[in-house]
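Architecture at a glance
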Amino acid sequence: MAKKIKKIPLIQKTSKTFLWIGLVLMLGSTVILYYYLRVVLQAEVEEELRSTESRIEKSIEEGGMVYQLPPVAEVVKVDKLDMETFKDTLIYDPSQNELEEFRELSSFSSINDQNYKITVRALVVESENILLAVVLSYLVIILVVFIFLFYLNKSRNQKIWYPFFRNLEQMKNFSLTSENPIELMDSDVLEFSELNDEMTTLTNKVRADYKNLKQYTEDVSHEMQTPLAIIQAKIENVINGEMLEDTQYEQLTSIQKDIQRLTQMTKRLTLLTKIENNQFLKKERLDISRQLKETIQDFSEISAVSIDFEVHESIWVNMDPFLAQVLCSNLISNAIKYSTGHKNILVNAQNGKVTIANAGEKAIRHPEMLYSRFYRESDGAKSTGLGLAIVKRICDLYGFTISYHFEAGMHHFTVSFIE
């Protein structure tokens, strides 16, 4: 089974994408700026140290006094020269009464036939403070700009996409049965304008096809019923006449039953088509338990199978009264038609559900096919194979659910009317 994808509104998704990209860019640029300024400031500090070291060397060459200012500058005589080094060091500062971090340059020079070690230092704390001040200032500025651009982008997207959302609502409210043309909002965006043209063409085509199909269904139903009725009437006249052999009588009776079945099939197919085309728009609040009771009374007069009806509460629904009658009639007739043995049919109404149970020899082999058109578990029962298909379409139309299970030698069909 495919994993269901979580749906996110378009504006929210684009804003979320902008938000994440903006945050990544903002944090990335801040880190890059931090390390770049750190390198630049360190280079400036080292350049300053070299400049100080050069001034001290020049002062010694000119015969001036040896410059000493611990811990900023120290000059000592050494026996031999060594390599120049840069390093960070911690030195106690009596004026601050704490350890301070310094950048230190140690160089060796031979001046006036004397070897000197010249050590100059620069306080690193000042550079760090400057670095943090610059980075924080940049972070605040970029954050303000980002927030401004985020809301500007969001409001701009809402304005650009407004015609699309407006037309989407129009499509949701589109009805095949309505004569009013769909009103789509025009847009200066080329793609939206083209989409509007295509939707207008499509809806007009769908509405025209629907009207043609509806007219075709009504015409076929009307035109077929009339000749079938005439044929059936003529057969009845022949059957009721004289001089019929037994074989002829059986053949005519069989033809008459096939005509009746064809008539019933035509009516049910027409009904199915009307349900699927949403032609039943009338809704009334009615008690399905009461409708079941009336249906059971009607079938009890013509059925050899007894029906036990147990109602615990009224089940109120909003639906077309005719479809409510069809729903109850098909459920009861299906139970009577496929009931075996001499057990009564059980009908129970409670907790917003109706359960119809009839006796059976074994569970249905393909329950997933029960609600398909013309499906019959066996050829024993003479039926159109449309009864449960109609029940399922009615349930789908109003958001009801129907389920089947086999238990203790009984087929159970349960319809839940809880929306």
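Residues numbered from 1 in each chain as written. Predicted model: local features only at pLDDT ≥ 70, side-chain atom pairs only at ≥ 80, totals over all residues. Heavy atoms only, no water.

Per the secondary structure count, the chain includes seven helices and eleven strands. Split into buried and exposed, the 419 residues of the chain put 34% on the buried side. Partitioning the contacts of the chain with sequence separation of at least 6, the portion at a separation of at least 24 is 66%. Roughly 27,200 Å² of accessible area belongs to the chain as shown, and the carbon and sulfur atoms make up 56% of that amount. (Helix = DSSP H or I, 4+ residues; strand = E, 2+ residues; numbered from the N terminus. Buried < 20%, exposed > 50% of the residue type's maximum accessible area, 1.4 Å probe, protein only. Contact = heavy atoms within 4.5 Å. Areas by Shrake-Rupley, 256 points an atom, 1.4 Å probe, with all protein chains shown as cover.)

With that out of the way, let us pick up the pairing of strand S9 (residues 353-359). Within S9, five of the seven residues are buried, which leaves it mostly tucked inside the rest of the structure. When strand S8 (residues 345-350) meets S9, the two strands line up antiparallel, connected through five bridges. Bridge pairing in S9 links Gln350 to Lys353. Hairpin remark: S8 followed by S9, antiparallel, with two residues in the connecting loop; positive phi at Asn351, about 55°. (Pairing = 2+ DSSP bridges.)

A separate point is the pairing of strand S7 (residues 316-319). Look at any regular strand and the pattern is simple: side chains alternate between the two faces of the sheet. What you see with S7 is a clean split: Val317 and Met319 sit on the buried side and Trp316 and Asn318 on the side with no burial. Across four bridges, strand S5 (residues 284-287) lies against S7 in antiparallel orientation. Residue pairing for S7: Arg285 is matched across the bridge by Asn318.

Put simply, helix H6 (residues 321-338) and helix H7 (residues 387-398) touch, their axes get as near as 9 Å, and they point 140° apart. Of the possible angle classes, the one that applies to H6 and H7 is oblique. Handedness of the crossing formed by H6 with H7: left-handed. Counting all contacts with H6, which are made through Leu323, Val326, Leu327, Asn330, Leu331 and Asn334, the residues of H7 involved are Gly387, Leu388, Ile390, Val391, Ile394, Cys395, Leu397 and Tyr398. Partitioned by chemical class, the residues of the contact of H6 with H7 number eleven nonpolar, three polar and no charged. (Axes fitted to C-alpha atoms, helices over the stretch in contact; angles between N-to-C directions. Parallel < 35°, antiparallel > 145°, perpendicular 65-115°, else oblique. Left-handed = near helix turned anticlockwise from the far one by under 90°. Nonpolar A, V, L, I, M, F, W, Y, C, P; charged D, E, K, R; others polar.)

So, about the nonpolar core. By size, the foremost hydrophobic cluster in this structure holds 45 residues, and its most contacted members are Ile288, Met319, Ile332, Val347, Val354, Ile394 and Phe417. In terms of residues, this core owes the most to one element, H6, which gives nine residues. Counting the residues that make up this core, at least three belong to each of domain 2 (201-274) and domain 3 (276-416). Aside from chain neighbours lying at most four places away, what touches Val354 is Ile288, Leu292, Ile315, Val347, Asn348, Ala349, Phe413, Thr414, Val415 and Phe417. If you look at the next biggest cluster of nonpolar residues, it comprises twelve residues, including Ile60, Ile111, Tyr116 and Ile118. (Core = buried A, V, L, I, M, F, W, Y, C linked by side-chain atoms within 4.5 Å. Domains from an automatic or database assignment.)

Looking now at helix H1 (residues 10-61). An α-helical turn contains 3.6 residues, so a residue and the one three or four places further along point in the same direction. Look at H1: 76 Å from first C-alpha to last across 52 residues, which is about the 76 Å you get at 1.5 Å a residue. Two residues or fewer past H1, Gly63 is found with a positive phi of approximately 80°. (Expected span 1.5 Å × (residues − 1).)

Taken together, Asp186, Asp188, Glu191, Glu194, Asp197 and Glu198 make up a surface patch of like negative charges. Assignment of secondary structure puts Glu198 in helix H3 (residues 190-240). (Patch = residues over 30% accessible without salt bridge, like charges linked within 9 Å, V, L, I, M, F, W, Y side chains within 5 Å. Salt bridge = Lys/Arg side-chain N within 4 Å of Asp/Glu carboxyl O. Lys, Arg positive; Asp, Glu negative; His and termini not counted. Charge placed at Lys NZ, Arg CZ, Asp CG, Glu CD.)

Those residues carrying the UniProt feature "transmembrane region" (unreviewed entry) are residues 18-37 and 130-152 in this numbering. Along residues 18-37 one finds 100% helix and 0% strand; the C-alpha atoms at either end are 28 Å apart. Annotation note: span residues 130-152, helix share 100%, strand share 0%, distance between end C-alpha atoms 33 Å. (UniProt positions renumbered as here; feature names shortened; annotations may be inferred.)

This brings us to the pattern of salt bridges. Close approach of charged atoms lets side chains of opposite charge pair. According to the stated counting rule, one finds ten salt bridges in the structure shown. Between Arg121 and Glu104 there is a salt bridge, with the nearest N and O atoms lying 2.7 Å from each other. Of this pair, Arg121 sits in strand S4 (residues 114-123) while Glu104 sits in strand S3 (residues 98-111), and the two are 17 residues apart along the sequence. Across the pair, exposure class does not vary: Arg121 and Glu104 are buried alike. Salt-bridge contacts for Glu284 lead to Lys282; the nearest nitrogen and oxygen are separated by 3.2 Å.

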